[in-house]
Amino acid sequence: MNTPPPLPFLEFIGKLGEGGMSSVWKAHDTRRDEIVAVKIMNRDLTANEEDIELFRAEARTMSDIHHIGIVRSYELNCHDGYWYYTMEYVDGYNFSALLDRKQHLCEADCLLICESIAVALDYAWNDFGVVHCDIKPDNIMINTDGVVKLTDLGLCHTFQYIKDGMRDIPEHVMGTPAYISPEQVYGDVEPDCRVDIYSLAASLYHLATGRMLFPGMTSEDMMRAHCSELFQAPDPRVYRPDLSEGFCQLLEAMLVKNRDYRLSSWKDVCTMCLAIEQGVAFKPRKGTNSSMELLPPTEKPASAVADIPAPVAATDAKSDGKPAHESKSSVPQPKQRVMHLFTGRKHKKREPQIQIDPESGKKILKKHKAVNSGFKVHRPAEW
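Scoring rules and cut-offs
Residues numbered from 1 in each chain as written. Predicted model: local features only at pLDDT ≥ 70, side-chain atom pairs only at ≥ 80, totals over all residues. Heavy atoms only, no water. Helix = DSSP H or I, 4+ residues; strand = E, 2+ residues; numbered from the N terminus. Buried < 20%, exposed > 50% of the residue type's maximum accessible area, 1.4 Å probe, protein only. Contact = heavy atoms within 4.5 Å. Axes fitted to C-alpha atoms, helices over the stretch in contact; angles between N-to-C directions. Parallel < 35°, antiparallel > 145°, perpendicular 65-115°, else oblique. Left-handed = near helix turned anticlockwise from the far one by under 90°. Nonpolar A, V, L, I, M, F, W, Y, C, P; charged D, E, K, R; others polar. Pairing = 2+ DSSP bridges. Core = buried A, V, L, I, M, F, W, Y, C linked by side-chain atoms within 4.5 Å. Polar contact = N/O pair within 3.5 Å; in protein donor to acceptor, adjacent residues only side chain to side chain. Salt bridge = Lys/Arg side-chain N within 4 Å of Asp/Glu carboxyl O.

**Observations concerning the overall build of the protein chain**
Looking only at helices and strands, one finds 8 helices and 12 strands in the protein chain. Buried residues in the protein chain amount to 48% of all 383 residues. Within the protein chain, contacts between residues separated by at least 24 positions form 67% of all contacts whose residues are at least 6 apart in sequence.

**Considering the packing of helix α3 (residues 107-128) against helix α5 (residues 193-209)**
Interhelical geometry of α3 versus α5 gives an angle of 165° and a closest axis separation of 11 Å. In this view, α3 runs roughly antiparallel relative to α5, as classed from their interaxial angle. Between α3 and α5 lies a crossing of right-handed hand. Contact residues: α3 offers Cys-110, Ile-113, Cys-114, Ile-117, Leu-121 and Trp-125, while α5 offers Cys-193, Asp-196, Leu-200, Leu-204, Leu-207 and Ala-208. Looking at side-chain class alone, the contact of α3 with α5 contains 11 nonpolar, no polar and 1 charged residues.

**Description of the pairing of strand β4 (residues 73-79)**
Both β4 and strand β5 (residues 82-88) contribute to a ladder of 6 bridges, which runs antiparallel. Bridged to Leu-76 within β5 is Tyr-85. The turn linking β4 back onto β5 is made up of 2 residues, and Asp-80 within it adopts a positive phi angle of 55°.

**Quick word on unusual backbone geometry**
For Gln-103, which is not glycine, the phi dihedral falls at a positive 70°. Structurally, Gln-103 is set in the loop between α2 (95-102) and α3. The phi torsion at Cys-133 lies on the positive side, around 75°, for a residue other than glycine. Checked against the element boundaries, Cys-133 lands in the loop between α3 and β7 (140-143). For Cys-133, a relative accessible area of 1% puts it in the buried group.

**What about the nonpolar core?**
Residues Phe-95, Ile-140, Leu-200, Leu-250, Leu-263 and Val-269 are the most contacted members of the largest nonpolar core, which totals 58 residues. Looking at this core, the elements that each hand over two or more residues are α2, α3, β7, β8 (148-150), α5, α6 (219-227), α7 (245-254) and α8 (266-277). Within the second largest apolar cluster, 20 residues are counted, among which are Val-24, Met-41, Trp-83 and Leu-153.

**Regarding the side chain of Thr-61**
Of note, Thr-61 is situated in helix α1 (residues 49-64). Among the polar contacts made by the side chain of Thr-61, one reaches the main-chain carbonyl oxygen of Ala-57 at a distance of 2.8 Å. Setting aside residues no more than four positions away along its own chain, Thr-61 makes contact with Val-130 and Leu-153.

**A short note on the environment of Asn-139**
Along the chain, Asn-139 falls in the loop between α3 and β7. Polar contacts involving the side chain of Asn-139 include one to the main-chain carbonyl oxygen of Asp-134, which spans 2.8 Å.

**Some remarks on the pattern of salt bridges**
Any two side chains of opposite charge can pair, given that their charged atoms come close. Per the counting criterion, the structure on display carries 18 salt bridges. Across the pair Arg-60 and Glu-53 runs a salt bridge whose closest N-O atoms are separated by 2.6 Å. Salt bridges linked by common partners bring Asp-192, Arg-194, Arg-259 and Asp-260 together as one network.

Okay, here's the thing in structure tokens:
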């Protein structure tokens, strides 16, 4: 879609992005008198009721979840055959764009991103039973105030079930091949939060090293690599020797191919992140293969070695096997865990561009530094 259709109360400013199902535009909402993002479903998909329902479900989910770490939608509408919804506009970047600019992020930034997304998704899972199912750097954003936000909810519970125990790639797989979990590829089990734990780790591997887990493959081969015990990505320290052993152990535990042996809750993810920030490494994990190979462990003092949280089934014994999302969020409350990364200076008073050189008396053009040019992390005092 090169130009947006005329929609009521919306004055379009520019295009923000486009995917296989929709395009996203920046616009001024005249009724709200604010800048919003507008997601418009591709017209050729509106003939399929299932695609329309998926689009509507995404809008409803984003509207229901009120969390600083998740982009919220405002209003769902259909006008002249076009389905669309308005949502919060994030003035900032996604981490895919930051990778193009920085090649990789430091470990401290990756840990804070991990904690921020873990808190948001723990809230979505425990309070609403929502699984994102498409965690990737493109869907993780940071605004100019330094708050990490997750976008594009709505792909949960849409996978085909396999028949007769056949272990093959379904005709339609919902997710992104570079970051998809094995159970999403097979589609043989009900997805839960462990789907997102795997995909977040695959994204963090990319952010920390500048390389995907399985680069240089076709989409189908990449998905098979996530599932096969024969494929393991190298330890991140092969590319970034400055990464800590604890951080690599965290990724390895999140990337276990068999979800029964993977980290099973966002609380466990946060617990490991906080321990890593204290310089703690972990005892070797026991269980099946991960999608990432670890280098041999280094000798650590006993006080600096902790156990990796034991995996447990992500279901409630009292709920007949249904996902345990009836209770409130299991990690500290969001207000205590707001991430303020890459804090911008957008409120700083701008100086005139044309200035007088005091020595020569000539007019000179002063160039401004780019907002967030240093990408410095500002950790809140309570952390």
